Structure formats: structure tokens, C-alpha cells
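The residues making up each chain are set out below.
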Amino acid sequence: MTAEHLVWDWNGTLLDDLHLVVSSTNEAFAAVGARAVGADEHRRAFRRPVAEFYAEMLGRAVDEEEFGRLDRIFHDAYRLGLTDISLAADAMAAIRLWPGTQSLLSMWFHDELVPAVETYGLTGVFSRIDGRRTEVGGGLKAGHLAGHLAGLGLAGGDVVLIGDSLDDAYAADSVGAAAVLYTGGFTDPVRLRESGRPVADSLVEAVKMAMSL
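Predicted model only: the values in this text are computed from it and were never measured.

Student: Residues and numbers for unusual backbone geometry, please.
Tutor: For residues other than glycine, phi is negative in most cases, and the peptide bonds are mostly trans. Of note, the amide linkage connecting Arg 48 to Pro 49 takes the cis form, showing an omega dihedral of 0°. Following the sequence through the fold, Pro 49 ends up in the loop between helix H2 (39-45) and helix H3 (50-58).

Written out as C-alpha cells, the structure is:
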């Protein structure tokens with residue numbers, strides 16, 4: 001193993017929340033009279049910036065003000081559904097498998113992420129936890145990852161990121177880190193495999209791939 005540190009994505013990776021994300025997206029779309037989208041369609045189209053995904057699904061441009069409103073509706077609905085969401089089936093086994101240090105990087109709100117992680121029995125597992133510290137988000141993860149690594153005092157070459165989106169891969173590229181992509185999250189597996197990155201169908205498999213990079 002060449003990398004000493006593993007960065008985990010939270011939503012769609014360690015947390016099994018795809019259906020909650022889809023239902024929350026549909027609550028936002030319903031507020032503007034748009035049709036609902038299914039899980040498969042969501043996975044084929046989802047990307048960051050999220051405003052671009054919304055624009056494609058709505059069939060029109062989404063300006064900053066409207067995105068802010070849709071983002072708040074989405075997060076209010078998501079927050080209400082979190083009590084019924086569990087970790088991915090093999091999340092704990094995968095976490096225990098990694099021999100080095102681990103941290104968590106999420107686009108969920110930081111002040112809600114930290115206590116949420118504790119409720120899943122993960123207290124003390126991660127050397128650093130970073131969530132979003134702004135009210136409105138939906139942007140790219142690259143800058144967020146750069147700040148996360150700076151806080152850890154690590155260079156990109158020391159790190160592997162496990163995530164479920166192409167944006168996770170692009171973020172890793174931007175700091176010189178490796179990435180393994182997980183098919184159980186928000187992105188269609190075909191899109192992930194077409195990217196040419198290492199792709200795993202389980203989190204345990206993802207960690208094993210990360211250990212070989």
C-alpha cells in the first residue's frame with residue numbers, strides 16, 4: 001500500500017441514502033411544478049454543480065436565487081428522512097479493513113454531520129471530519145477536498161478517496177490523490193466505469209482496491 005490515508009465520502013457512499021436523496025429532490029421539483037424523477041434516471045443524470053443537474057431535469061435554466069430555494073427545500077426534506085437511514089451494509093467492515101488513518105469529507109452541513117456520525121457508532125474513527133459550512137451549496141468538491149487535506153497536513157499523493165460520483169474522482173485528480181469509485185451511490189455504474197477509474201461494487205472491495213494503489 002502506498003497511500004497512508006483514506007478519505008471517505010459520506011452521502012451515497014458510507015451512508016445508504018440514495019432513495020432519500022431522490023425523494024428529497026422530487027420534493028424540490030414539486031415545488032416548481034416539475035415532474036418527479038426515478039432513482040435510475042437520477043443516477044444517470046446527477047452531477048455537480050447541482051444547479052446544472054437541476055437545469056437538465058427541469059429543462060430550463062436555474063438561476064442562483066431559484067437554486068437557493070430548491071436547495072433549501074431539498075435539505076429540509078432530506079433532514080426529515082435521515083432518522084430512517086442506515087449505513088451501507090458493509091460500511092463498518094470496510095472501515096475496519098483499512099490499516100492506516102481515515103477521515104470523512106461530506107457536502108452535508110458540518111454542524112449536523114459531526115453529531116450524525118456519532119449516532120452511527122463512528123466516534124473516534126476519523127482523524128478529521130469536514131462538512132459544508134455554507135447555507136447554500138451544490139458546487140464542486142475539489143476545493144473542499146483541498147481544504148480537508150490542508151487541515152490534515154497531508155499531500156494528495158498520500159491519500160486515496162473513496163466516493164460514489166465523478167465529482168469525487170475530479171476532486172481527487174485536482175489534489176493529486178487516487179480515487180476508487182463505488183457503484184452503490186448516486187451515479188450510474190456505467191458512467192463510473194466509463195471514466196476509467198477503479199470501480200468497486202462494495203465498500204470492502206473499494207478498500208481492497210485502495211490498498212493496492
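What follows picks up the thread again.
Student: So what about the pairing of strand S4 (residues 159-163)? Which residues, and what values?
Tutor: When you tally the buried positions in S4, you get five out of five residues, the bulk of the element. Alternating residues of S4 divide into Val 159, Leu 161 and Gly 163 and Val 160 and Ile 162, and every residue in both groups is buried. Where strand S1 (residues 5-9) lies against S4, four bridges are found, and the strand directions are parallel. Residue Leu 6 lies in a different strand from S4, and its bridge partner there is Val 160. In this sheet, strand S5 (residues 178-182) lies alongside S4 in parallel orientation, the contact comprising four bridges. Considered in S5, the bridge of Val 160 is made with Ala 178. Where the polypeptide runs from S4 across helix H8 (residues 166-175) and back to S5, its parallel neighbour, the crossover connection is right-handed.

Student: Which residues make up the nonpolar core, and what values go with them?
Tutor: In this structure, Trp 8, Trp 10, Leu 14, Tyr 54, Leu 104 and Phe 126 are the most contacted members of the largest nonpolar core, which totals 52 residues. At six residues, the largest contribution of residues to this core is made by helix H1 (residues 18-30).

Student: Tell me about the pairing of strand S2 (residues 101-109), and please be specific about residues and values.
Tutor: With eight of its nine residues buried, S2 lies for the most part within the structure. The pairing of S1 with S2 spans five bridges and is classified as parallel. Residue pairing across strands places Leu 6 opposite Gln 102, the latter belonging to S2. Bridge count between S2 and strand S3 (residues 129-132): three bridges; the pairing is parallel. Directly across from Phe 109, in S3, lies its bridge partner Arg 132. With respect to chirality, the unit in which S2 leads through helix H6 (residues 110-119) into the neighbouring parallel S3 is right-handed.

Parameters at a glance
- Throughout, a residue's number is its position along its own chain's written sequence, starting from 1.
- The predicted nature of this model means local features are confined to residues of pLDDT at least 70 and side-chain atom pairs, given and counted, to a pLDDT of 80 or more, with totals for whole chains, interfaces and linings taken over all residues.
- The basis for the side-chain values is all heavy atoms of the structure; hydrogens and waters are excluded.
- Each helix is a run of DSSP H or I of at least 4 residues and each strand a run of E of at least 2, with the numbering of both proceeding from the N terminus.
- Residue exposure (1.4 Å probe, protein chains only): buried if accessible area is under 20% of the type maximum, exposed if over 50%, otherwise partly exposed.
- Whether two strands pair comes down to DSSP finding at least two bridges between them.
- By definition, the crossover connecting two strands over a helix is right-handed if that path, from the first strand to the second, turns clockwise as seen with the strands pointing away from the viewer.
- In this description, a nonpolar core means a group of buried Ala, Val, Leu, Ile, Met, Phe, Trp, Tyr and Cys residues linked to one another through side-chain atoms lying within 4.5 Å.

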